[in-house]
Amino acid sequence: MFCKKFTIALASLFLFACSDDNNLVNVIPDPVGKAKVQVIHASQDAPPVNINVNNITGLDFGEASTRFEVDEGTYSVSVDGITPDGDVTVIGPADLTFDADTIYSVYALNETASIEPVILSQPDMAPPAGQFTLQVLHAASNAPTVDIYLTVPSADISSINPTVTLAFKDSLSATDIDAGDYQIRITPTGDKTVVFDSGTVSLTEGAIINVAAITNTGPGDNPVNLLVTTDDGEALITDAGNAVDLRVFHLSPDAPAVDVVANDNFAMPLLSNVPFPVFSDYLTVPAADYNVKVVPTGQMMPAVIDADVTLDAATSYSVLAVGTLANIEPLILIDNTRSIVTESQLRIIHASPSAGLVDLYLVAPATDISTVEPNFSGVDFKQNTGYLSIAAGDYDVVVTAQGSKTPAIGPAAIQVNAGEIYSIIARDNAGGGAPLAVVLADDF
């Protein structure tokens, strides 16, 4: 037996050794370089998606993963849309190569019919002291070429050049900028008319920030909002106009026609002479705290509803006046207004004060409900199903008392289309009680 050891210092260290049993060659490999990857959903009409890298599931429009580490190398990447009929691959599989010491931002953008990946990269390097690193992408397929102004707050942009001009899918490469307070404004290219205004935003020292202009699918006239991504995920910057969409349903079966008054402005009601069971179109109002009173048409008293409500920016609300007149109250719901092209979205709301607990059925036409379980059981007054993702097609909606197979409403035949949003509201008859009926809203 003999044993000898050689140590050779090169770029790596190779150790050769032997034992009593056999000769072993142990190699210490080069360290594996690391890349950082972030995935961003920016396709405005696409469903939530799953991504096979890092097991990302249920990523919805306007959401981003964290920046996660992967070994440098080439990966087969696919993006699957989550649909009522199962997952459907919408991007890939595609081979993507990630180099060490690099940050990759992988955007899924464009409408679903043309969805595609756009990948931005930048060195994984901390910005200089007192600065942050900014990268910008035009990710809104509905918006034309735009000028973007990054200025100190309240700067007059009428006499200055834009910071950058971007067409759809164009980007500003990673740029180091002094930390501080800024205002971001977007105009059509060559025009000073502001179509998006961030207001004052604080951009902090040391941050590596990506900003994508994405399609605005909510309230307001601004065509885009800004999706800001950092190491930890995302934040949305909405237009400083703070638009809110608000609509009102009169669903109190024995209440008279009403006016809806904000902040005691009886001279200019938000809505006038709304009868049961009518609902308004959406009104656009500023985000704020409001006192809302509901009074008989043309009167200041009695206020059958007197409620303080907070309306948040970039949010759509339905306010339902529910219950009998003696117990009338507001039911405030947040509405979904983003169309998803691969599915219908349906919400069922229980607003019948006389019905008690109910079972809800959403079934194929002519289904004998005595042979199936309800989709929702024991639904109470003022509860709702939330938005259900369902395949386009024909359905029957049936409402029964809890545990009963005798319809109190229906079968109500409905047809729903992909890309559309629907609300069905169960209500009392005028004056209260049976026969119960429904209010059909949204794309109905």
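Q: Please explain the overall build of the chain as it appears in this structure.
A: When helices and strands are counted, the chain shows 0 helices and 36 strands. Rg of the C-alpha trace for the chain: 29 Å, well past the compact-globule value of 22 Å for 444 residues, more than 25% over. Dimensions of the chain, computed from the C-alpha atoms along their principal axes, are close to 100 × 65 × 35 Å. The buried share among the 444 residues of the chain stands at 45%.

Q: Sorry if this is basic, but what is going on with the nonpolar core here?
A: The tendency in soluble globular proteins is for nonpolar side chains to be buried as a group. Leu134, Ile148, Ile209 and Leu226 are the most contacted members of the largest nonpolar core, which has 26 residues in total. Of all the elements in the fold, those that place two or more residues in this core are β12 (131–138), β13 (146–151), β14 (164–166), β15 (171–178), β16 (180–188), β17 (196–203), β18 (208–215) and β19 (224–230). In this structure, Ile209 is in contact with Phe132, Thr133, Leu134, Gln135, Leu203, Val228, Thr229 and Thr230, ignoring residues within four places of it in sequence.

Q: Help me out: how do you make sense of the pairing of strand β6 (residues 56–59) in this one?
A: If a strand is regular, its side chains alternate between the two faces of the sheet. As defined by bridge partners, strand β5 (residues 49–51) adjoins β6 across 2 bridges and the pair is classed as antiparallel. The residue bridging Val49 from the neighbouring strand is Leu59, located in β6. Counting the residues in the hairpin turn of β5 and β6 gives 4 residues, including Asn54, whose phi is positive at 65°.

Q: Help me understand the sheet that holds strand β29 (residues 344–350), please; the structure alone is not making it clear to me.
A: Backbone hydrogen bonds hold the strands of a sheet together, and the pairing may be parallel or antiparallel. Read across the sheet, 4 strands follow the order β32-β29-β35-β36 without closing on themselves; strand pairing throughout is mixed. In the strand order of this sheet, the two ends are held by β32 (388–390) and β36 (437–442), each with one partner. Going across the sheet, the axis of each strand differs from the next one's by a mean of 25°, ignoring polarity. Relative to β32, β29 runs antiparallel, the two sharing 3 bridges. From the neighbouring strand, Ser344 faces β32, where its bridge partner is Ile390.

Q: Looking at this structure, how should I read the packing of aromatic side chains?
A: Two numbers describe a pair of aromatic rings. These are the distance of the centres and the angle of the planes. Taken as a whole and judged by the stated rule, the model has 5 aromatic pairs. Ring centres of Phe249 and Phe279 lie 4.6 Å apart, and the angle between their planes is 15°; this geometry places the pair in the stacked category. A residue pair is termed long-range when its members are at least 10 positions apart, and Phe249 in strand β21 (residues 243–250) and Phe279 in the loop between β23 (271–274) and β24 (283–286) qualify at 30 residues. A connected cluster of aromatic rings, assembled from ring pairs, spans Tyr75, Phe98 and Tyr104.

Q: Quick question: what am I supposed to make of the pattern of salt bridges here?
A: Opposite charge on two side chains makes pairing possible when the charged atoms of those side chains draw close. All told, the structure shown has 11 salt bridges when counted by the stated rule. A salt bridge links Arg247 to Asp442; the nearest nitrogen and oxygen atoms lie 2.9 Å apart. On the criterion of sequence distance, the pair formed by Arg247 in strand β21 and Asp442 in strand β36 is long-range, its members being 195 residues apart. Assessed through its relative accessible area of 3%, Arg247 is described here as buried. Judged by its relative accessible area of 28%, Asp442 is partly exposed. Here Asp264 ties to Lys293 by a salt bridge, and the two come within 2.7 Å at their closest N and O atoms. Of this pair, Asp264 sits in the loop between β22 (258–262) and β23 while Lys293 sits in strand β25 (residues 288–296), placing them 29 residues apart in sequence. Through salt bridges that share partners, Arg247, Asp335, Arg347 and Asp442 make up one connected network.

Q: I'm lost on the environment of Leu172 in this one. Help?
A: Here Leu172 shows up in strand β15. When the C-alpha positions of Leu172 and Ser105 are compared, they lie 13 Å apart, and in sequence the two are 67 residues distant.

Q: Explain the environment of Lys405 here, please?
A: Here Lys405 lies in the loop between β33 (393–401) and β34 (407–416). When the C-alpha atoms of Lys405 and Val341 are compared, they prove to be 34 Å apart, with 64 residues separating the residues in sequence. Those residues in contact with Lys405, other than ones at most four positions away along the chain, are Tyr361, Ile369, Ser370, Val372, Pro374 and Thr400. Of note is the side chain of Lys405, whose polar atom sits 2.8 Å from the side chain of Tyr361. One polar contact links the side chain of Lys405 to the main-chain carbonyl oxygen of Ile369, over a distance of 2.9 Å.

Q: Hey, could you run me through the environment of Asp312 in this one?
A: Summarising the element assignment, Asp312 is placed in the loop between β26 (305–311) and β27 (315–322). Along the sequence, Asp312 and Pro286 sit 26 residues apart, while their C-alpha atoms lie 8.7 Å from each other. Leave out the neighbours within four places in its chain, and Asp312 touches Val244, Ala287 and Tyr317.

Q: Explain the sheet that holds β17 to me, please; I cannot follow it from the model alone.
A: In space, the 4 strands of this open sheet follow the order β14-β13-β16-β17, with antiparallel pairing throughout. Looking at strand neighbours, the two that pair on one side only are β14 and β17, the edges of this open sheet. The average angle at which neighbouring strand axes cross in this sheet is 25°, direction not considered. Bridging between β13 and β14 involves 3 bridges; their strand directions are antiparallel. Paired with Val146 across the two strands is Leu166, which belongs to β14.

Q: Just to check I follow, could you spell out the confidence of the model for the chain for this structure?
A: Low-pLDDT portions of the prediction should not be read for the details of their coordinates. On average, the chain scores 93 in pLDDT, and the residues at 70 or more come to 93%. Throughout residues 1–21 the model reports pLDDT below 50, and contacts reaching past four residues in sequence, or to other chains, amount to 31 contacts.

Definitions and limits used
Residues numbered from 1 in each chain as written. Predicted model: local features only at pLDDT ≥ 70, side-chain atom pairs only at ≥ 80, totals over all residues. Heavy atoms only, no water. Helix = DSSP H or I, 4+ residues; strand = E, 2+ residues; numbered from the N terminus. Rg over C-alpha atoms; globule rule 2.2 N^0.38 Å. Buried < 20%, exposed > 50% of the residue type's maximum accessible area, 1.4 Å probe, protein only. Core = buried A, V, L, I, M, F, W, Y, C linked by side-chain atoms within 4.5 Å. Contact = heavy atoms within 4.5 Å. Pairing = 2+ DSSP bridges. Axes fitted to C-alpha atoms, helices over the stretch in contact; angles between N-to-C directions. Phe/Tyr/Trp six-rings, centres within 6.5 Å; stacked < 30°, edge-to-face > 60°. Salt bridge = Lys/Arg side-chain N within 4 Å of Asp/Glu carboxyl O. Polar contact = N/O pair within 3.5 Å; in protein donor to acceptor, adjacent residues only side chain to side chain. pLDDT = per-residue confidence, 0-100.

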